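Chain by chain, the residues run as shown.
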Amino acid sequence: YLIWQCYSASEDLGCRRGEFSRKHYGSVELLISSDADGAIQRAGRFRVENGSIDETSDYTPGTWRRTDVHLENPEYHTRWYFKYFLGKVHQNYVGTDAEKNPFFLSVVLSDQNNQRVPQYRAILWRRTGTLKISLPYSPTKTLSVKSILSAMNVDRFEKGPREILNPEIQKELLVLEEQEGSVNFKFGVLYAKDGQLTDDEMFSNESGSETFDRFLNLLGDSICLQGWAGYRGGLDTKNDTTGINSIYTVYQGHELMFHVSTMLPYSKENKQQVERKRHIGNDIVTIVFQEGDDTSPSFKPSMIRSHFTHIFALVRYNSQNDSYRLKIFSEESVPLFGPPLPTPPVFTDHQEFRDFLLVKLINGEKATLETPTFAQKRQRTLDMLIRSLYQDLMPDMPKNMLNRRSFSDVLPESPKSARKKEEARQAEFVRVGQALKLKTIVRGDAPTSLVTTGLCRKEPWESQSFCSSFPYDIVCGDSWGQSLLVATDSAGVMLLEDSPTLPPVQVFDKTLTVKQMHVLEPQDLLIARADKGKDARLYVYRLSTLKRGIEERQLVRTKCDSRENKLEKTKGCHLYSINTHHGVELRIVVAIRNKLLLITRKQSRLDCLSSIATVTGTTDSPVEDFQYIREICLCDSPVVMALVDGPTGENDHMICVAYRHQFDLINESTGDAYRLHHVDSNRVNFVAAIDVYEDGEAGLLLCYNNICIYKKVCPFNGATPMIQPNTSEFHFSWNQMPNAIVCAFPYILAFTTDSIEIRLVVNGNLVYTAVVPELQLTASRSDIYFISSAPINSASNCSSRDTSSQSSPQTPTGYEMPVFPSPLGDGEAPSKHIYKIPLSNLIGRSIERPLKSPLVNKVLTAPAPSVIGPTPIIASTTSLSLSRMEIKEIASRTRKELLGDETEKNEQENQGGRPEENSRDQHH
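Residues numbered from 1 in each chain as written. Predicted model: local features only at pLDDT ≥ 70, side-chain atom pairs only at ≥ 80, totals over all residues. Heavy atoms only, no water.

Looking up the protein chain in an unreviewed UniProt entry gives the name GTPase-activating Rap/Ran-GAP domain-like protein 3, with the organism given as Cyprinus carpio carpio. Reading the Sequence similarities (unreviewed entry) entry of the UniProt record for the protein chain gives the comment "Belongs to the GARNL3 family." (UniProt positions renumbered as here; feature names shortened; annotations may be inferred.)

Asker: Lay out the overall build of the protein chain with the relevant residues and their values.
Answerer: The secondary structure content of the protein chain amounts to 18 helices and 46 strands. Look at the contacts in the protein chain between residues 6 or more apart in sequence, and 65% of them connect residues 24 or more apart. Carbon and sulfur atoms make up 50% of the accessible area of the protein chain, which totals about 39200 Å². (Helix = DSSP H or I, 4+ residues; strand = E, 2+ residues; numbered from the N terminus. Contact = heavy atoms within 4.5 Å. Areas by Shrake-Rupley, 256 points an atom, 1.4 Å probe, with all protein chains shown as cover.)

Asker: Which residues make up the pattern of salt bridges, and what are the values?
Answerer: Under the counting rule described, the total for this entry stands at 29 salt bridges. The salt bridge partner of K360 is E49, with a shortest N-O separation of 3.0 Å. Remark: E49 occurs in strand β3 (residues 40–49) and K360 occurs in helix α9 (residues 350–368); sequence separation between them is 311 residues. Each member of the pair, K360 as well as E49, carries the same accessibility label: buried. Where R425 meets E422, a salt bridge forms, and the shortest distance between an N and an O atom there is 3.1 Å. Taken together, the positions of R425 and E422, both in helix α12 (residues 416–443) and three residues apart, correspond to about one turn of that helix. The class for E422 is buried, based on a relative accessible area of 13%. Each of the salt bridges in this network shares a partner with another, and the network as a whole consists of R79, K132 and E180. (Salt bridge = Lys/Arg side-chain N within 4 Å of Asp/Glu carboxyl O. Buried < 20%, exposed > 50% of the residue type's maximum accessible area, 1.4 Å probe, protein only.)

Asker: A description of the nonpolar core should follow, citing residues and the corresponding values.
Answerer: Core analysis: the largest hydrophobic core is formed by 40 residues, its most contacted members being F215, L219, F258, I287 and L326. Counting only elements with at least two residues in this core, the list comes to β9 (185–192), α7 (210–219), β11 (245–251), β12 (254–260), β13 (285–290), β14 (311–318), β15 (323–331) and α9. The element best represented in this core is α9, accounting for eight residues. In terms of nonpolar packing, the next biggest core, distinct from the first, is built from 25 residues, F82, I123, I169 and F429 among them. (Core = buried A, V, L, I, M, F, W, Y, C linked by side-chain atoms within 4.5 Å.)

Asker: Outline the sheet that holds strand β32 (residues 654–659), listing residues and values.
Answerer: As a general point, the strands of a sheet are linked pairwise by backbone hydrogen bonds and lie either parallel or antiparallel. Taken in spatial order, the four strands line up as β31-β32-β33-β34 in an open sheet, and their pairing is antiparallel. Looking along the sheet, the strands with just one partner apiece sit at the ends: β31 (640–644) and β34 (673–678). Pairwise comparison of adjacent strand axes, ignoring direction, gives a mean angle of 20° for this sheet. (Pairing = 2+ DSSP bridges. Axes fitted to C-alpha atoms, helices over the stretch in contact; angles between N-to-C directions.)

Asker: Go over α7 with me, naming the residues and quoting the values.
Answerer: When we look at burial in α7, the residues that qualify are T211, F212, F215, L216, L218 and L219. Projected onto a plane normal to the axis of α7, the buried residues spread over an arc of 155° and lie on a single side. In α7, the exposed positions angled more than 90 degrees off the buried face are occupied by E210 and N217. (Arc of directions from axis to C-beta.)

Asker: Which residues make up the packing of aromatic side chains, and what values go with them?
Answerer: This structure, assessed with the given rule, holds 32 aromatic pairs. Clustering of aromatic rings is evident, with ring pairs tying together Y191, F212, F215, F289, Y317, Y324, F347, F353 and F356. The side chain of R121 reaches across the aromatic face of W80, ending 4.7 Å from its centre. Taking the ring centre of F82 as reference, the NZ or CZ of K437 above it sits at 5.1 Å. (Phe/Tyr/Trp six-rings, centres within 6.5 Å; stacked < 30°, edge-to-face > 60°. Lys NZ or Arg CZ within 6 Å of the ring centre and 35° of its normal.)

Asker: Any chance you could break down the packing of α7 against α9 for me, citing the residues and the numbers?
Answerer: Two elements in contact, α7 and α9, have axes whose closest approach is 10 Å; the angle formed by their N-to-C orientations is 70°. Taken together, the axis directions place α7 and α9 in an arrangement best described as roughly perpendicular. Taken as a pair, α7 and α9 cross one another with a handedness that is right-handed. Of the residues in α9, those touching α7 at F215, L218 and L219 are H350, F353, R354, L357 and L358. The residue inventory of the contact of α7 with α9, partitioned by class, reads six nonpolar, one polar and one charged. (Parallel < 35°, antiparallel > 145°, perpendicular 65-115°, else oblique. Left-handed = near helix turned anticlockwise from the far one by under 90°. Nonpolar A, V, L, I, M, F, W, Y, C, P; charged D, E, K, R; others polar.)

Asker: For unusual backbone geometry, give the residues involved together with the corresponding values.
Answerer: Glycine aside, residues mostly have negative phi, and peptide bonds are mostly found in the trans state. Cis peptide bonds are those with omega within 30 degrees of zero, and the linkage from T343 to P344 qualifies with -5°. Along the chain, P344 turns up in the loop between β15 and β16 (346–347). For the bond from F745 to P746, the omega torsion is 10°, close enough to zero to count as cis. Mapped onto the secondary structure, P746 falls in the loop between β40 (740–744) and β41 (747–751). In this structure, N73 takes a positive phi of about 45° despite not being glycine. The residue N73 is located in the loop between β3 and α2 (75–78) in this model. If you check the backbone angles, D240 has positive phi at about 60° while not being a glycine. D240 sits in the partly exposed class, given a relative accessible area of 29%.

Asker: Please set out the sheet that holds strand β20 (residues 483–488) residue by residue, giving values where relevant.
Answerer: Read from one edge of the open sheet, four strands run β19-β20-β21-β22, paired in antiparallel fashion. Each end of this open sheet is capped by a strand with a single partner; those strands are β19 (474–480) and β22 (505–508). For this sheet, the mean inter-axis angle between neighbouring strands, taken without regard to orientation, is 25°. Both β20 and strand β21 (residues 493–496) contribute to a ladder of four bridges, which runs antiparallel. Among the inter-strand pairings, A487 is bridged to a residue of β21, identified as V493. The sheet strands contacting helix α13 (residues 543–551) are β19, β21 and β22, and the helix crosses β22 at an angle near 135°.

Asker: So what's going on with the state of the cysteines? Which residues, and what values?
Answerer: Under the criterion given, the structure shown has zero disulfides. The thiol sulfur of C708 is not disulfide-bonded, and the nearest other cysteine sulfur, from C703, lies at 3.2 Å. (Disulfide = S-S within 2.5 Å.)

Asker: Account for the side chain of S782, with residues named and values stated.
Answerer: Within the fold, S782 resides in the loop between β44 (776–779) and β45 (784–788). Looking at S782, the relative accessible area reads 4%, which means it is buried. For S782, the side chain forms a polar contact with the side chain of S479, separated by 2.5 Å. (Polar contact = N/O pair within 3.5 Å; in protein donor to acceptor, adjacent residues only side chain to side chain.)

Asker: Describe the pairing of β32, and please don't skip the residues or the numbers.
Answerer: When you tally the buried positions in β32, you get six out of six residues, the bulk of the element. Burial along β32 is two-sided: M654, C656 and A658 facing one way and I655, V657 and Y659 facing the other are all buried. As paired elements, β31 and β32 share five bridges and run antiparallel to each other. Paired with M641 across the strands is V657, a residue of β32. Taken together, the six bridges between β32 and strand β33 (residues 662–667) define a ladder with antiparallel strand orientation. Within β33, the position partnered with V657 by the bridge is D664. As consecutive antiparallel partners, β32 and β33 are separated by two residues, and within that stretch R660 has a phi angle of approximately 50°, a positive value.

Asker: So, helix α5 (residues 169–178): which residues are in play, and what are the values?
Answerer: Two residues of an α-helix separated by three or four positions point the same way, owing to the 3.6 residues in each turn. Within α5, burial applies to I169, Q170, L173, L174, L176 and E177. All buried residues of α5 project into a common sector of 155° when viewed along the axis, lining one side.

Asker: Explain the confidence of the model for the protein chain to me, and be specific about the residues and the numbers.
Answerer: Looking at the protein chain as a whole, its pLDDT mean stands at 77, while 73% of the residues score no less than 70. Mean pLDDT in the protein chain bottoms out at helix α18 (residues 915–923), which sits at 43, and peaks at α7, which reaches 94. Of the regions scoring below 50 in pLDDT, residues 715–719 engages in 15 contacts with residues more than four places distant in sequence or in other chains. pLDDT under 50 marks residues 794–829. Its contacts with residues more than four places away, or in other chains, come to 104 contacts. (pLDDT = per-residue confidence, 0-100.)

Asker: Go over the packing of α5 against helix α10 (residues 372–393) with me, naming the residues and quoting the values.
Answerer: Relative orientation of the contacting elements α5 and α10 amounts to 170°, with a least axis distance of 10 Å. Compared by their axis directions, α5 and α10 come out roughly antiparallel. Two packed elements cross with a definite hand, and for α5 against α10 that hand is left-handed. Facing α5, whose interface residues are I169, E172, V175 and L176, α10 presents L382, L385, I386, L389 and L393. Grouping the amino acids of the contact of α5 with α10 by side-chain chemistry returns eight nonpolar, no polar and one charged.

As structure tokens, this is what we get:
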């Protein structure tokens, strides 16, 4: 009836989930270049990415496992003001904080990606940067400006916020948002012949080779600069002073212009080729195409005299197997950025190489803008713009601002007498915003979501339907093989099969109210925390006994049947946690008010197998296997707990606990507490503490409110943890307050009330936001299961993503629409739908490399093949005319939307055809 196994691949993947490594992203080296006589010319520290394989080592092209290629912090997900505010009714406020620094706040009640999930979005503009946050909408509770600012940790003011009524404020706020960086990019392309070791030699090449020309053709289209109307990247489009032609393309909505050394003006008199260096030397990212085989002297960044270029992408072509090899040099201060290079970094599929290279270049330039040099410059500019705007608004304070609405509701109900005036003001406000939006699109500076290049593929986080309709509310759950064990609020504990034909099987009846559970297949163990208050206990069961009961169709177990399964000393517990790597020794820490109880159970995997084989000779209850080690008293009751494995396992294990306004580390052996992190906020909502292991060394992801902080906890010095200072720490903010966090390298996922926010672990950069109405995470220790009130929208799968050209620019195209639940239609009965994201999809595609955990020396096996069927691939194109046509079409369509249906009717009448005929012609 059911397929059972003691140990599953998902269990192994579950242990891998908390493993991550920055070595995927290269290591820092001191690079020195010398002249022909051996004298040192220049030196610099660069992070070198080479796929962890030596350049001269043998490789078999096409055998590497590809990494997932994502644009990080994609503008279409990060430029909120343009996407959600501009051209729509919203409120803008101005005020000064307690330090007398001016700030601006924009608030809109928007529909989450047009999926009928209303929510408040707020942007706080300050001199230190921009803060964005989403807050859930409640029809019964109106949100105030004060509560929004409080959620952004701004509680004290010198001058309380007042609303700005002048519609022209939208133009100024759009300028503030554009300080985040351009949506279009310019990259240098430098041609180097075999043996050339100085920048003067490289810049002096009048023309390139045939292989270089093929590479340029792969990058984009050759365009004539004279009269060019698109993004020009600083090149002259009137007088041909910067060359006749250049290379240009559009990639996922970004216009890219390449400054090609052999296309820029060449001077026989000027050996330094100043005109060429003026452009390429001022590019943040430069591609160096080097001729010659792998044994030739290789390019080093120190060969180029430029204080501005931070990233070099070295490309070499191998004619023997028609492949490209890639190597990345990043200046030491540039934060990590993806995608990491495959191993070996050799590409035989040219289109795949193009996708990888362009994404790497775009992500690299964005990462460079976060270096201290650029960040300080941007902060100075932002500070100047905010102060200037504040001073310009001061004279208009009385007539163009509303004091009476300073702490009013975001969307107030106006009195009837003033309603017409308010509606007229809002209409003018929206008209100005829409005109500004249209102008930005036509100018080519809009964060649109055009996909004119790149393969359409299934993303690793795409979900599969597990159970299309489940009638009960789920409290918690865990995966059991390919099944899901869930505790419900009113029907006990049930086992759900991944099959629509098999009904749920009840394991425990409703007398046992389970609040938390773990299914440990290698240990043949189910751990459950049941009941509440003084009656709460930890229960332990053998999975083999439960399995036998289900197979033999025995009576459903009750609370009375579980008397032999109680861990008595856990009476009154409100929380428990287990260690991640429990293959050698299972450790459980149980919280009973402000007391921690440490429990262990030692059993190897072989013991597990033998115990199941001879299950008739063992007792049904595993209670006797557990031993109580010690009690530890805390100063308060913990809200969140995580166990951290020490490198030796000898008196160096730790427990991370969160309470009050702090995260503390507790030594398991001594009970000594160390302050790990203090939360500087009036209100604290602790979300999670996740133990992760970076190259075998322990670290913690601390999540509270909408903040996530990575703290490295190494090395352990005897019984005292050395909390390492800021060398490898980082922090980032979620756009919405999470209810749960799941780490699955290279991703970290936040589950909010109505969305899944997907970021990268190593840098916190946003990759994707998926809308999931009424979302609840159910299980995540191996495969990820979540619940939603809405069924999956079959129309938003990959095969329908070629509809992007028919979508309005202010709404997501099919490419951005998540393959997640869409909202219920009117009149449908609410029901629970359960979805599954296979963990192997998330972590199985990252570069395969042995990652050692402190306790378990695992041999990592390749993940099982994904159950996702083949995906139709949309033929990609680099056609220049197509991309420009799409931009013009968006502008034309948007103009029609803004001006109304009358304009469209007039145009159709002028063309002398019926609307149906015109639409058919356009389609053809």
